[in-house]
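Observations on chain architecture
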Amino acid sequence: MHVPFLSLSEIYKDLQNELDLVWDQVNRNSRYILGEFVEKFEHNFANFLKVKQVIGVGNGLDALIIALKALDITLDDEVIVPAHTFIATWLAVTYVGAKVIPVDISYDTFCMDPNLIEKNITKKTKAIIIVHLYGFCFPMVSINKIAEKYKLKIIEDVAQAHGASYYGKMAGTFSDVATFSFYPGKNLGALGDGGAVVTNSDKLAGKIRMLRNYGSIQRYEHILKGFNSRLDELQAGILDVKLKFIKQWNNRRKEIALFYYKELTGLSYIILAPYPTAPEQHVWHLFVIRTKNRDKLKEYMSKNNIETLIHYPCPPHLQPAYQDLGYQEGSFKVAETVSQEILSIPIGPHLTNNQIEYVVDILKKFR
Ligand SMILES: *Cc1c(COP(=O)(O)O)cnc(C)c1O
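A brief structural summary. Values in this document were obtained by computation on a predicted structure and should not be read as measured data. (Residues numbered from 1 in each chain as written. Predicted model: local features only at pLDDT ≥ 70, side-chain atom pairs only at ≥ 80, totals over all residues. Heavy atoms only, no water.)

Comments concerning the site of the ligand
Looking at the ligand, there are 13 residues lining it, with G60, D157, Q160, S181 and K186 nearest. The backbone of L61 places a nitrogen or oxygen atom 2.9 Å from an oxygen atom of the ligand. Between an oxygen atom of the ligand and a side-chain N or O atom of Q160, the distance comes to 2.8 Å. Across the complex, the protein chains shield 92% of the 380 Å² of accessible surface that the ligand would expose by itself. A class-by-class count of the residues in the shell around the ligand yields 6 nonpolar, 5 polar and 2 charged. (Near = heavy atom within 4 Å. Polar contact = N/O pair within 3.5 Å; in protein donor to acceptor, adjacent residues only side chain to side chain. Areas by Shrake-Rupley, 256 points an atom, 1.4 Å probe, with all protein chains shown as cover. Nonpolar A, V, L, I, M, F, W, Y, C, P; charged D, E, K, R; others polar.)

A short note on the sheet that holds strand β4 (residues 125-131)
Ordered by their spatial adjacency, 7 strands build an open sheet running β1-β9-β8-β5-β4-β2-β3, and the pairing between neighbours is mixed. Only two strands of the sheet have a single partner each, and these edge strands are β1 (53-57) and β3 (99-103). When the angles between neighbouring strand axes are averaged without regard to direction, this sheet yields 25 degrees. Set on the sheet, helix α3 (residues 60-70) makes contact with β1, β2 (78-82), β4, β5 (153-157), β8 (177-181) and β9 (195-199); between it and β8 the angle comes to about 165 degrees. Where helix α6 (residues 202-212) meets the sheet, its contacts fall on β1, β8 and β9, and the angle it forms with β1 comes to roughly 10 degrees. (Pairing = 2+ DSSP bridges. Helix = DSSP H or I, 4+ residues; strand = E, 2+ residues; numbered from the N terminus. Axes fitted to C-alpha atoms, helices over the stretch in contact; angles between N-to-C directions. Contact = heavy atoms within 4.5 Å.)

A look at the sheet that holds strand β10 (residues 280-281)
The sheet built from 3 strands is open, its strands ordered β7-β6-β10 with antiparallel pairing. The outermost strands of the open sheet, each flanked by one partner alone, are β7 (169-170) and β10. Relative to β10, strand β6 (residues 165-166) runs antiparallel, the two being bridged by 2 bridges. Residue pairing across strands places S165 opposite Q281, the latter belonging to β10.

Description of the pattern of salt bridges
Scanning the model with the defined rule gives 16 salt bridges in all. Measuring nitrogen to oxygen at the nearest pair gives 3.4 Å for the salt bridge that ties K52 to D202. Taken as a pair, K52 in the loop between α2 (36-49) and β1 and D202 in helix α6 lie far apart in primary sequence, 150 residues in all. (Salt bridge = Lys/Arg side-chain N within 4 Å of Asp/Glu carboxyl O.)

A few points about the packing of aromatic side chains
Enumeration over the complete set of coordinates arrives at 20 aromatic pairs. Here the aromatic rings of Y261 and Y275 are separated by 4.9 Å at their centres, their planes lie at 80 degrees, and the arrangement is edge-to-face. In this pair, Y261 is assigned in helix α8 (residues 246-264) and Y275 in the loop between α8 and β10, connecting sequence segments 14 residues apart. The exposure class of Y261 is buried, given its relative accessible area of 12%. Sitting above the plane of the F174 ring, K169 keeps its charged end 5.2 Å from the centroid. (Phe/Tyr/Trp six-rings, centres within 6.5 Å; stacked < 30°, edge-to-face > 60°. Buried < 20%, exposed > 50% of the residue type's maximum accessible area, 1.4 Å probe, protein only. Lys NZ or Arg CZ within 6 Å of the ring centre and 35° of its normal.)

Brief notes about the pairing of strand β12 (residues 342-345)
Neither face of β12 is open: one carries I342 and S344, the other L343 and I345, and all of them are buried. Across 4 bridges, the pairing between strand β11 (residues 287-290) and β12 is antiparallel. Looking across to β12, one finds that F287 is bridged to I345.

Description of helix α7 (residues 233-243)
Counting along an α-helix, one turn takes 3.6 residues, and residues three or four places apart therefore face a common direction. For α7, the buried fraction is high: 10 of the 11 residues fall into the buried class. Next to the buried residues of α7 lie α1 (8-29), α2 and α8. With a side-chain oxygen lying 3.0 Å from the backbone nitrogen of L234, the N-terminal cap of α7 falls on D232.

Here we look at the nonpolar core
Formed by 98 residues in total, the largest nonpolar core has its most connected members in F45, Y260, L264 and F287. Membership of the second largest hydrophobic core comes to 29 residues, among which are V57, L64, I66 and V96. (Core = buried A, V, L, I, M, F, W, Y, C linked by side-chain atoms within 4.5 Å.)

Brief notes about the side chain of D157
For D157, the position within the fold is in strand β5. Although buried, D157 forms no salt bridge, and the nearest oppositely charged side chain, K186, lies 7.1 Å from it. For D157, the side chain forms a polar contact with the side chain of T89, separated by 3.1 Å. Engagement of the side chain of D157 in a polar contact is seen with the backbone nitrogen of A159, the distance being 3.2 Å. Apart from the residues lying within four places of it in its own chain, the contact partners of D157 are L64, T89, I129, I130, V131, H132 and T179. (Lys, Arg positive; Asp, Glu negative; His and termini not counted.)

Regarding the packing of α1 against α7
At a closest axis distance of 9 Å, the pairing of α1 and α7 adopts a crossing angle of 140 degrees. In terms of orientation, α1 and α7 fall into the oblique class. Where α1 crosses over α7, the handedness of that crossing is right-handed. Along the contact surface, α1 presents I11, L15, E18, L19, V22, W23 and V26, while α7 presents E233, L234, G237, I238, V241 and K242. A breakdown of the residues in the contact of α1 with α7 according to their chemical character gives 9 nonpolar, 1 polar and 3 charged. (Parallel < 35°, antiparallel > 145°, perpendicular 65-115°, else oblique. Left-handed = near helix turned anticlockwise from the far one by under 90°.)

Topic: the environment of Q235
Within the secondary structure layout, Q235 lies in helix α7. For the pair formed by Q235 and N353, sequence separation is 118 residues and the distance between their alpha carbons is 31 Å. Not counting the four nearest positions on each side in its chain, Q235 is found in contact with A190, L191, G192 and D193. Looking at Q235, its side chain comes within polar contact range of the main-chain nitrogen of L191, at 2.9 Å.

Describing unusual backbone geometry
Cis geometry marks the peptide bond from A278 to P279; its omega dihedral reads 10 degrees. Within the secondary structure layout, P279 lies in the loop between α8 and β10. Put simply, H311 and Y312 share a cis peptide bond, and its omega is 10 degrees. Turning to its location among the elements, Y312 is positioned in the loop between α9 (294-303) and α10 (333-341). Backbone geometry at Y167 places phi at a positive 50 degrees, although glycine is not the residue there. Here Y167 lies in the loop between β6 and β7.

Structural data, given as C-alpha cells:
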C-alpha cells in the first residue's frame with residue numbers, strides 16, 4: 001500500500017465539475033482582478049469566521065507584511081515571534097524593517113510559551129505574532145492580557161488553522177489583525193497562491209484594501225505606498241467552492257487524529273503532545289509526532305511506502321538567511337530539540353481508513 005502525504009488530485013477529481021465551472025465563469029466575465037468573485041469569497045469567508053472584514057491578498061507572506069504595515073510597524077520596532085514556525089512569520093517582520101524577537105515554544109502545543117513573553121518585552125516592542133501552528137488554536141486570553149498591559153498589537157498567523165476555534169470563537173478573530181494563506185496544501189487551499197488579511201476594524205480594513213492595491217482606492221490616486229498583492233478572481237472562485245467543504249474536511253482530519261491518538265498512545269518510542277480537548281477545536285493541518293530516532297523512523301516509513309515530512313527541520317534562527325542576528329545552537333532549546341524529533345505523518349481528507357490503519361500498523365512494528 002502507498003500512503004501519500006498529500007493528494008490534491010483527489011480533491012480536484014471530487015470537485016471537478018464545480019471547479020471547471022469557475023474557470024468558465026471567470027473567463028466569461030473576463031474581469032480577472034478585483035471583481036465579483038473576490039468580493040463574494042471575502043464575504044463568505046468573513047461569515048465563516050464571524051469576522052467583519054476579509055481582504056484577499058496574493059499569499060500568506062504578503063498578508064503578514066500588509067498586516068504589519070497596516071499597524072504601522074516599522075524601522076527599529078521589535079516584534080515578538082515564535083522560535084518554531086515557518087520562516088514567513090519572521091520574514092514579514094524583517095521586510096517592514098522591524099526586528100524579530102524570537103521566543104521559545106512549549107512542548108505541549110508546539111506554539112510560543114506564553115510564560116516567556118513578558119521578559120522579552122522592551123520599550124521598542126510593538127507587536128506579538130501568534131502562530132496557530134499545525135492547526136492548534138492558541139488560547140489567546142493570556143496573550144490579550146499581556147497586550148493590554150503593555151499596549152501591544154497582536155497579529156495571529158492562521159496559515160495552518162482555518163476553522164480552528166476556542167470556546168467556539170475562530171482562530172483569527174482574537175486579535176487586531178490576522179492573516180491566512182491559501183497555499184494549495186493548507187486546510188483551505190487555492191490552485192495556486194492566495195492569502196487573506198482579516199480584521200474587525202473597518203478603519204484598518206480600509207487601509208489594508210489600499211495597501212494590497214498600490215495604496216489606492218480610486219484608480220491613479222495613491223494615498224499610501226502600497227503593494228501589488230491581490231487575490232485573483234480565479235483563485236477566489238475556487239476558494240469559494242472549497243469553502244463549502246472545509247467543515248467536512250476538518251471533521252475528517254479530526255477523526256483521523258483521534259484514531260492516531262487512540263492507537264499510538266503508549267508506544268514507548270513515540271511522544272504525543274497532550275490531546276487538545278474542549279474548548280479547543282484543533283483542525284489538524286498536520287499530525288506531528290516526536291521520537292528520539294526521527295531520521296531512522298522517517299526512513300523506515302519511507303521503505304514501507306508511507307510519505308512523511310518534517311515541519312520544520314531547522315528553526316529560522318539557525319538558517320543561513322538569519323545568521324546576521326547572531327543566534328547559535330542553544331539559543332532556543334525547545335525549538336531546536338523539537339526540530340530534531342518531529343515527524344509529520346499523513347493526515348487529510350484524501351486518506352482512507354485502510355490507509356490510516358496501515359500507517360498505525362507500520363508505526364507499531366518499528367524497532
Ligand atoms: C504557509 C505559511 C505561511 C506563508 O504562506 P504562503 O502563502 O506560502 O506565503 C506563513 N505562515 C505559516 C505558519 C505558514 O504555514
